[in-house]
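Below are the chains, spelled out letter by letter.
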Amino acid sequence: MADDLETNVGQQFDRLPATDADRTVEGRASREAVLEYFEDRFGIPPETFEEHTFWEKGAGKIWIYGGESPSPAEIEALGMTCLRTRQDHWKPTTDFVQRFGRHATRCVVDLSDAEATRFAAGEDQSLEWDGDWGYLIAAHDVDGDREPIGVGLYLHDELRSMIPKGRRRSL
Amino acid sequence: MEPLERYRPIVDDFEAFRAACERPLGIAVRVNTIKASVERAIATLEHDGIAYEQAAWNPRVLRLETDSPGSTWASFHGFVHTQEEVSAVPPVVLDPEPGETVFDACAAPGGKATQLAALMADRGTVVANDSNLGRLSALRFNAERLGATSLAVTHQDARNFSFAPLAVDQFDHALVDAPCSCEGTIRKNPTTLEDWSEDHVHSVAGIQKGILRRAVQATCTGGTVVYSTCTFAPEENEAVVQHVLDAEDCRVVDVDLDPNLEYAPGVTEWNDETYDSSLERALRIYPHHNDTGGFFVAKLEVGA
């Protein structure tokens, strides 16, 4: 029953429940749902995160942590932010995609050198893409291997760069 | 530059030391092995058209021929982190293992905390603490860009650090890279010594003693604590370690480093004071030794 559930405490890290049925905080994503999202959307195998735990601090801001699990704590940061969940479409972070996006097999748009440079500078660009619309992983070739650059939003034949202002670079 | 004159009695080849302090410092980066191998980082720099040279003492440290190391794909991807070459020494001296719990008492802006995480293969916990909120945001920015998932970031005065918000109650290791008078950074910032005073040296030494004592107390028996500064003043270096040797159960141990890194031993006499002979095991890295900035590093074992 939703009205039995507690509300999120914004200043505190709380571990995600294993499944939606284990949820004690209203609207909180479960570990299962997060792993399903990464697998369904990007083809990232759930095993990738076997040694990581997921936490919420701030409404819908999900953090991925690779260390020993502390109890819920009022600290500044725990691992890195990885996902925004309390909006219509979940959105991974640039830093998460750079770290774990190489495991992705779906919804990855491969950019040319020139396109990659524009993307890193935060520019939107017209682009052909015959896959799903929405949040994609933009990648380019580095020394013969695909390397994720960040998150793009593909809508109406346009790829919008979601690189945060502080991370944009003229390369 | 005048305050450096006081070190004439303890610095070997003082004229070479003075001359090195007047030369500007080159750009160095550390390969972030959380995201890329040394080979991949180098291949990316080559693609960027940037010439590099590996540091003789550490293949993960690269000297670059560029004025803007941040405007490279290698940096954008978080394959490399711009960091003064010698500031990569303390985490190597600490030598943590994957899965351990490490306290970085003065962690911002995060170069050493993320290096510790990389040395631990991003497994375990680095409690990255700093008392300055503005600098903590720089730490968090760097940690996320470098893809570290094993950092727990806390905002406390390290002198009375409390475990209350954490699950751990003891650390395997601690790094105290203490706030200092920064004399060793003169090559990077030529105005460093403009506000130098002996009073400032003594006041910062008091803070350093408080932080190092708390770090030793927070570390388990048999654990290691590395104390480092980027300054030459014995008041902030050997005297601080001496204070903690007297006050806590710990001892100075030998440092095992690549022989290509040149350094002088810690001093045991300064002005009217003498320090324990074990302080010779500490490292004094001077700018003319390896063409870097200056650093002091001491390794302590707790409760042995």
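The model shown is predicted, which means the values in this text are computed figures rather than measured ones.

Chemist: Is there a simple way to think about the overall build of chain B in this case?
Modeler: Summing up its helical and strand segments, chain B has nine helices and 15 strands in all. Against the 2.2 N^0.38 benchmark of 19 Å for 304 residues, chain B shows a C-alpha radius of gyration of 18 Å, consistent with a compact globule. Split into buried and exposed, the 304 residues of chain B put 62% on the buried side. Restricting to contacts in chain B with at least 6 residues of sequence separation, those with at least 24 account for 73%. Positive and negative side-chain charges in chain B, numbering 24 and 47 respectively, have mean positions lying 5 Å apart.

Chemist: Just to check I follow, could you spell out the interface of chain B and chain A for this structure?
Modeler: How large an interface is tends to be reported as the accessible area lost when its parts come together. At the interface, 36 residues of chain B touch 43 residues of chain A. When the two sides are added together, the surface that chain B and chain A hide from each other amounts to roughly 3200 Å², 53% of it contributed by carbon and sulfur. Along the contact surface separating chain B from chain A lie four salt bridges. Taking the shortest distance from any N to any O, the salt bridge between R123(B) and E51(A) comes out at 3.2 Å. For the interface between chain B and chain A, the tally reads 20 residue pairs in polar contact (both at pLDDT 80 or more). Among the secondary structure elements, those contributing two or more residues to the side of chain B that touches chain A are helix 2 (38–47), helix 3 (73–76), helix 6 (133–145) and strand 7 (151–154) of chain B. Among the elements that take part in the side of chain B that touches chain A, helix 6 of chain B stands out by supplying six residues, more than any other. Within the side of chain B that touches chain A, the residues separate by chemical class into 15 nonpolar, 14 polar and seven charged. Pairing of strand 4 (residues 77–78) of chain A with strand 7 of chain B, which is carried by two bridges, proceeds in the antiparallel orientation. Across the sheet, L78(A) pairs through a bridge with A152(B), a residue of strand 7 of chain B.

Chemist: What am I meant to see in a negative patch on the surface here?
Modeler: All names here are of chain A. Negative charge collects at one region of the surface, where D20, D22, E32, E36, E39, D40, E47 and E50 lie side by side. On the secondary structure map, E50 appears in the loop between helix 1 (31–42) and strand 2 (53–56). When its relative accessible area of 63% is taken as the criterion, E50 is described as exposed.

Chemist: Is there a simple way to think about the packing of aromatic side chains in this case?
Modeler: The geometry of an aromatic ring pair is captured by the separation of the ring centres together with the interplanar angle, meaning the angle of the planes. Counting across every chain of the model gives 24 aromatic pairs over all chains. Pairing W133(A) with Y154(A) gives two aromatic rings, centres 6.3 Å apart and planes at 75°, and the pair type is edge-to-face. Within this pair, whereas W133(A) is found in the loop between strand 8 (125–126) and strand 9 (134–142), its partner Y154(A) is found in strand 10 (residues 145–155), the two being separated by 21 residues in sequence. Taken together, a centroid distance of 5.5 Å and an interplanar angle of 80° make the contact between F17(B) and Y286(B) edge-to-face.

Chemist: Any chance you could explain the environment of H103(A) here in plain terms?
Modeler: All names here are of chain A. With respect to the element layout, H103 can be found in the loop between helix 2 (94–100) and strand 7 (108–110). On the accessibility criterion, H103 (37% relative accessible area) is partly exposed. For the pair H103 and F38, spaced 65 residues apart in sequence, the C-alpha separation works out to 10.0 Å. Once residues within four sequence positions are removed from consideration, H103 is found in contact with G43, I44, P45 and T48.

Chemist: Which parts of the structure should I look at to understand the sheet that holds strand 1 (residues 27–31) of chain B?
Modeler: Strand pairs in the sheet, formed through backbone hydrogen bonds, run parallel or antiparallel to each other. All names here are of chain B. Read from one edge to the other, the open sheet built from four strands follows the order 2-3-1-4, with strand pairing classed as antiparallel. Two strands in the sheet have a free side with no partner beyond their single neighbour: strand 2 (52–55) and strand 4 (80–82). Averaged over all pairs of adjacent strands, the angle between strand axes in this sheet comes to 35°, irrespective of strand direction. The sheet contact formed by strand 1 and strand 3 (residues 58–64) spans four bridges and is antiparallel.

Rules and cut-offs
Residues numbered from 1 in each chain as written. Chains lettered and ligands numbered in written order. Predicted model: local features only at pLDDT ≥ 70, side-chain atom pairs only at ≥ 80, totals over all residues. Heavy atoms only, no water. Helix = DSSP H or I, 4+ residues; strand = E, 2+ residues; numbered from the N terminus. Rg over C-alpha atoms; globule rule 2.2 N^0.38 Å. Buried < 20%, exposed > 50% of the residue type's maximum accessible area, 1.4 Å probe, protein only. Contact = heavy atoms within 4.5 Å. Lys, Arg positive; Asp, Glu negative; His and termini not counted. Charge placed at Lys NZ, Arg CZ, Asp CG, Glu CD. Buried area = accessible area lost by both parts, 1.4 Å probe. Salt bridge = Lys/Arg side-chain N within 4 Å of Asp/Glu carboxyl O. Polar contact = N/O pair within 3.5 Å; in protein donor to acceptor, adjacent residues only side chain to side chain. Nonpolar A, V, L, I, M, F, W, Y, C, P; charged D, E, K, R; others polar. Pairing = 2+ DSSP bridges. Patch = residues over 30% accessible without salt bridge, like charges linked within 9 Å, V, L, I, M, F, W, Y side chains within 5 Å. Areas by Shrake-Rupley, 256 points an atom, 1.4 Å probe, with all protein chains shown as cover. Phe/Tyr/Trp six-rings, centres within 6.5 Å; stacked < 30°, edge-to-face > 60°. Axes fitted to C-alpha atoms, helices over the stretch in contact; angles between N-to-C directions.

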